[in-house]
Structure formats: C-alpha cells, structure tokens
Amino acid sequence: MAYDYSRYLRNEKLPHIWCPGCTYGIVLKSFIRAIDGLGWDKNDIVVASGIGCCSRLPGYVDFNTLHTTHGRSIAFATGVKIANPDLKVIALGGDGDMTAIGGNHFIHACRRNIDITVLVFNNNIYGMTGAQYSPTTPKGAWATTAPYGMPENNFDVVNLAIGAGATFVARTTAYHTTHCEKMIKEALQHKGLSVVEIINACPTGFGRKNKFKTPTSMLLWMKDKAVQKAKADRMSSEELADKFVIGVLHKEEKPEFIESYDSTVGLKKGE
Ligand SMILES: Cc1ncc(C[n+]2csc(CCOP(=O)(O)OP(=O)(O)O)c2C)c(N)n1
Ligand code: SF4
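Note that residues are indexed from 1 along each chain, following the sequence as it is written. Whichever chain is written first is A, and whichever ligand is written first is 1; the rest continue in order. Given that the model is predicted, a residue must reach a pLDDT of at least 70 before its local features are reported, and side-chain atom pairs must reach 80 or more before they are shown or counted; all residues, however, enter totals for whole chains, interfaces and linings. As a rule here, side-chain values come from all non-hydrogen atoms in the structure, and water together with hydrogens is ignored.

A. Focus on the pattern of salt bridges. Salt bridges are defined by distance alone: a side-chain nitrogen of Lys or Arg within 4 Å of a carboxyl oxygen of Asp or Glu. Counted by the stated rule, this structure contains 13 salt bridges. A salt bridge links lysine 42 to aspartate 62, with the nearest nitrogen and oxygen atoms 3.0 Å apart. In this pair, lysine 42 is assigned in the loop between α1 (24-38) and β1 (45-49) and aspartate 62 in the loop between α2 (57-60) and β2 (64-67), connecting sequence segments 20 residues apart. With a shortest N-O distance of 3.1 Å, lysine 191 and glutamate 259 are connected by a salt bridge. Remark: glutamate 259 occurs in helix α10 (residues 257-265) and lysine 191 occurs in the loop between α7 (177-189) and β6 (194-199); sequence separation between them is 68 residues. A relative accessible area of 40% means that lysine 191 is categorised as partly exposed. Residue exposure (1.4 Å probe, protein chains only): buried if accessible area is under 20% of the type maximum, exposed if over 50%, otherwise partly exposed. With a relative accessible area of 46%, glutamate 259 lands in the partly exposed category. Members of the salt-bridge network, linked through shared partners, are Asp224, Lys225, Asp242 and Lys243. Starting at the N terminus, helices and strands are each numbered in turn, a helix being any DSSP run of H or I of at least four residues and a strand any DSSP run of E of at least two.

Written out as structure tokens, the structure reads:
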C-alpha cells in the first residue's frame, strides 16, 4: 500500500511553492518518514525555519511550526528548547540561511551542544532571491552575483559543524531517499546538537546556469559523486578527489547545553 503522507501534512496548504524539478519535496517525504518511524507525538515536535525556498517546508507539515526571520531559525529553536526541554526541536534552512546570515547562530549552537537537530538544505545557491552565491557555492560556479564564476573559497558544512563542536554530523542527498530518512532519524535520536547536511538541487537557480541540462542530471550527479562512508574509508584520497562522502561522519558524547546550564546555575529539576 502506498505510504500515506497526508497524515503529517497540512493538506490545505498544498500545492507547495517549489519549482518543477526542485528536490525539496523529495526531502520533505524523507523527513516525514523519519519522524513517522520514531513514532513521536506530533504535538511534541517543533520545526523552525528561516526564510528561503526550503524554509517554506514547516508550513506544509502538521507539527508545531515557526517560519521565522532569515538566518534566525536556530535562535528561535534555542528559545523554544530552553523554555520546554521536553520538546523535540528541529531547525532547518538553506545554505544561505545557515552558513551566511545565520552562520553565527549555527557555529554557536554547535559549540553549546544544545539538543536540537539542524537540517541544512544545501543547494549551493540562494534559491528564493534569484541565484546569488552563498558560502557553499563551489569556486568557479556561476551565480547572478558571480557572472564570471564564484571567486571565493567555499565552506564544507560538515567540517564547519565538526570544527564548531557539533556532536553528531551527517551528510546525505535528496537522491538517496532512504539514506536521507535514516540520517534524519539518527540525528533526531542523538542527544546534543545534531547536523544533517542534505545536498539538494536547485535546477532553476543553479542547475541550468551550471551546465546541468535537466533536473534529472542533477540527481544523477548526486548518485555519481556521493560515496557511502564505509566505502570511502577503503578509498584513497586520489580516488575521492571529486567525490563527497555521505553517512554519519562524526559522533561523540558530550554534556548537553541545557543540562550543563542547569547544573552550573543550580536549576536542576526539583531543587
Ligand atoms: C534579513 C534578510 N536579509 C535578506 C533577505 C532576503 N532573502 C530571503 S531568502 C534569502 C536566501 C535564501 O537562500 P537559502 O537560505 O540558501 O535558501 P533557498 O532559497 O536556497 O532554499 C535571502 C537573501 C531576507 N528575507 N531577510
Ligand atoms: S528556486 Fe530553486 S530552490 Fe527555490 S523552489 Fe525553485 S528549484 Fe527549488
């Protein structure tokens, strides 16, 4: 029997705004299946987003949702989590949202290790506002603000998160739908700050100007370039040169922010 997504959707808000060929709808389905697999009560889940094409996602799901300001989803999510640590709190946004205007919130949430899951929808461009380059746009790629090619070095979201102190960091793609579901599910179960970078395709803003003739070719690029971690561990750096690794890339146990805060300032429950 076909999977019934409608149980988790605000069906009255559909159809969605995303362009034909955009991969955000695919990831929305992986996201729903991940949460469904955990069997959590919808009322215990909070999803906060910033501004951007992917940040429209919370509007379509039947959880407690916040569509906040550009780059500030983690700040709002932090407030919600501190006010009610029993809630399962997810912050999501694009590469622009999370690594440019919201970059400071991102690194400091990682550093604090607050128990929030951050989903970075990385399509290498500012989709919503017309294809300006973001900190993850590959060097040399075309963007409206880089008509001769992106002149700057780009961030690796996974390395950025690990370097800043996140205790669970994974990468997946929109193409690898069941893998994406698994990564989100594992991240949601982790105690501490978990980050999942989800490689996405923006055929409208990025693909057609960067030699991807069709949306399908962008999905095939993900299929071709992504290497599962277990396989990557057996490959040489030369073999991995033009690939990227998907899977859980970092996991450690560290004191969680709210618990550390409460024990430090003597606000332990019941005291
Ligand atoms: C303070 C502020 N600055 C700029 C904007 C304009 N703006 C809206 S969305 C966006 C970028 C969206 O790109 P990204 O976060 O990568 O998400 P995508 O649209 O690609 O999903 C920008 C610059 C804004 N809404 N608010
Ligand atoms: S502009 Fe790009 S990111 Fe935005 S909906 Fe269209 S394809 Fe998706």
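B. Geometry of the sheet that holds strand β3 (residues 88-94). Across the sheet, eight strands lie side by side as β2-β1-β3-β4-β6-β5-β8-β7; this open sheet has mixed pairing. Edge strands, defined here as strands with exactly one partner in the open sheet, are β2 and β7 (226-228). Sheet twist, expressed as the average angle between the axes of neighbouring strands with direction ignored, equals 20°. The contact rule is simple, with two residues in contact once any of their heavy atoms fall within 4.5 Å. Structural elements are reduced to axes, namely lines fitted to C-alpha atoms, with helices fitted over the stretch in contact, and the angle between N-to-C directions of any two is expressed from 0 to 180 degrees. Strand contacts of helix α6 (residues 157-164): β4 (117-122), β5 (168-173), β6 and β8 (244-251), with the helix running at about 170° to β5, the strand carrying the most contacts. The strands touched by helix α8 (residues 215-225) are β5, β6, β7 and β8; relative to β7, the strand with the most contacts, the crossing angle is about 40°. A pair of strands is considered paired only if DSSP assigns at least 2 bridges between the two.

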